[in-house]
Amino acid sequence: MLEFKDLGDDARRQYIDARSAFEALEAARAEAARVRGGMYWKAVNGRDYLVRTSARNAQKSLGPRSAETEAMYANFMARKEQADTRLKGLTAAVQRQQRMNRALFVGRVPAVVVDILNMMHRHNVAEHFTVVGTHALYAYEAAAGVRVESAAIATRDVDLLWDTRKRFKLATQLKRLDSSMLALLRKVDKTFTLREGQLYTAVNSQGFEVDILRREVQEQEQDPHPARLSDTEEDFWVVQARNAEQLVSAPRFSSVVVAANGTMARMNTVHPLAFVRFKRWLAQRPDRDPLKVARDELQADTVMQLVDEYLPQLSPHR
């Protein structure tokens, strides 16, 4: 049996408070996004028309001034003011919680990982990627309120599984941003560079790597490969991962994770039992690097025990 380190009452309470504030901020951001842009009255041929403007300054007429459009205008402006006020207050609250996280040693996720996750959410590309591999354990231990053995999470790279089923939607979003995935990554750390001869990996000046993987080609779906994430010449060319279809189709699992510096982010990964199945499959492969087999088995055992002891609601035997 493995032993897990208890966070302690103070750190556990702090995580619960910090997570609540972060989730409230997520909801506030979603509401603020719904009222981005503005509304104004525009005079045309002596008559006022209500115009809705988007954040990108696109305009749409909602009709001439009437009791109905005046009510629409008043409702929108009230919602916008309320959303902006709530967003400002919760942003400040989360900043306070993050300072408390740091003071009470709540988190230990590498700060670069939290920064990458937040960047992807900020630019609306997070839905296209799932954290798989070793870093998923941070999501599981956060949900369980304990810390797993350090040997199980020792790694200098994060694996992001790209959902190729939504490839056109991602390409559209990157075009809208006038960016590439590598350029977005450089907003976190400008030293990220694609590894020569291994264009699915970006590495920064500290040796931290980001790998972008995909499931194996599905010919019946006209699934093109090789595939680059954007039309930009300098961008990731994703690599096929064996049996990754098992991860793509697995139920999702999401948790708020905390960095050692106290900052927080939402990590989207796969259900813990899907992680266990995949790691056990990897460990049994005859061509698996023997040095990695022991860690595969340790991670599978760790997550299975986490579910049994701390997350029984996730077990099919509950």
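Residues numbered from 1 in each chain as written. Predicted model: local features only at pLDDT ≥ 70, side-chain atom pairs only at ≥ 80, totals over all residues. Heavy atoms only, no water.

## A closer look at the side chain of Asp211
In step 1: Its location among the elements puts Asp211 in strand E10 (residues 209–214).
In step 2: Those residues in contact with Asp211 that lie beyond four places of it in its chain are Asp157, Val158, Asp159, Leu160, Tyr200 and Thr201. (Helix = DSSP H or I, 4+ residues; strand = E, 2+ residues; numbered from the N terminus. Contact = heavy atoms within 4.5 Å.)

## Focus on the side chain of Thr130
In step 1: As for its placement among the helices and strands, Thr130 is situated in strand E5 (residues 129–132).
In step 2: Classification of Thr130 by relative accessible area gives buried; the value is 10%.
In step 3: Residue contacts for Thr130: discarding those within four places in its chain leaves Asp159, Leu160, Leu161, Arg252, Asn268, Thr269 and Val270. (Buried < 20%, exposed > 50% of the residue type's maximum accessible area, 1.4 Å probe, protein only.)

## Remarks on unusual backbone geometry
In step 1: Although it is not a glycine, Asn57 adopts a positive phi angle of roughly 70 degrees.
In step 2: Within the secondary structure, Asn57 sits in the loop between strand E3 (47–53) and strand E4 (59–64).
In step 3: The phi torsion at Asn243 lies on the positive side, around 60 degrees, for a residue other than glycine.
In step 4: Counting through the fold element by element, Asn243 comes out in the loop between strand E11 (239–240) and helix H8 (245–248).

## Some thoughts on the sheet that holds strand E2 (residues 38–44)
In step 1: Read from one edge to the other, the open sheet built from three strands follows the order E2-E3-E4, with strand pairing classed as antiparallel. Since the sheet does not close on itself, it has two edges, and those belong to E2 and E4, each with one partner. Neighbour to neighbour, the strand axes of the sheet diverge by 35 degrees on average, direction disregarded.
In step 2: Alignment of E3 against E4, held across five bridges, turns out to be antiparallel. Pairing of Val51 across the sheet is with Ser61, part of E4.
In step 3: Running at roughly 145 degrees to E2, helix H2 (residues 67–103) makes contact with E2, E3 and E4 of the sheet. (Pairing = 2+ DSSP bridges. Axes fitted to C-alpha atoms, helices over the stretch in contact; angles between N-to-C directions.)

## A short note on the environment of Ser230
In step 1: Its place among the elements puts Ser230 in the loop between E10 and E11.
In step 2: The buried category is assigned to Ser230, whose relative accessible area is 8%.
In step 3: Along the primary structure Ser230 and Leu7 are separated by 223 residues, whereas in three dimensions their C-alpha atoms are 42 Å apart.
In step 4: Not counting the four nearest positions on each side in its chain, Ser230 is found in contact with Leu174, Ser179, Ser180 and Asp235.
In step 5: Polar contacts involving the side chain of Ser230 include one to the side chain of Asp235, which spans 2.6 Å. (Polar contact = N/O pair within 3.5 Å; in protein donor to acceptor, adjacent residues only side chain to side chain.)

## Focus on the pattern of salt bridges
In step 1: According to the stated counting rule, one finds 22 salt bridges in the structure shown.
In step 2: Of the charged contacts, one joins Arg108 and Glu141 as a salt bridge, the two residues approaching to 2.7 Å between their closest N and O atoms. On the criterion of sequence distance, the pair formed by Arg108 in the loop between H2 and helix H3 (111–122) and Glu141 in helix H4 (residues 136–144) is long-range, its members being 33 residues apart.
In step 3: Since its relative accessible area comes to 6%, Glu141 is described here as buried.
In step 4: The residue Lys279 makes a salt bridge to Asp296 at a minimum N-O spacing of 3.5 Å. (Salt bridge = Lys/Arg side-chain N within 4 Å of Asp/Glu carboxyl O.)

## Things to note about the pairing of strand E13 (residues 264–270)
The side chains of a regular strand alternate between the sheet's two faces.
In step 1: Of all seven residues making up E13, six are buried, and the element is well covered by its neighbours.
In step 2: Where strand E12 (residues 252–258) and E13 come together, seven bridges link them in antiparallel fashion. Note that in E13 the partner of Val258 across the bridge is Met264.
In step 3: In this structure, the hairpin formed by E12 and E13 is closed by a connection of five residues, where Gly262 is found at a positive phi of approximately 95 degrees.

## Considerations on the environment of Glu23
In step 1: Structurally, Glu23 can be placed in helix H1 (residues 9–34).
In step 2: In the structure, Glu23 is positioned 227 residues away from Ala250 in sequence and 24 Å away in space, judged by C-alpha atoms.
In step 3: Once residues within four sequence positions are removed from consideration, Glu23 is found in contact with Val256 and Arg266.

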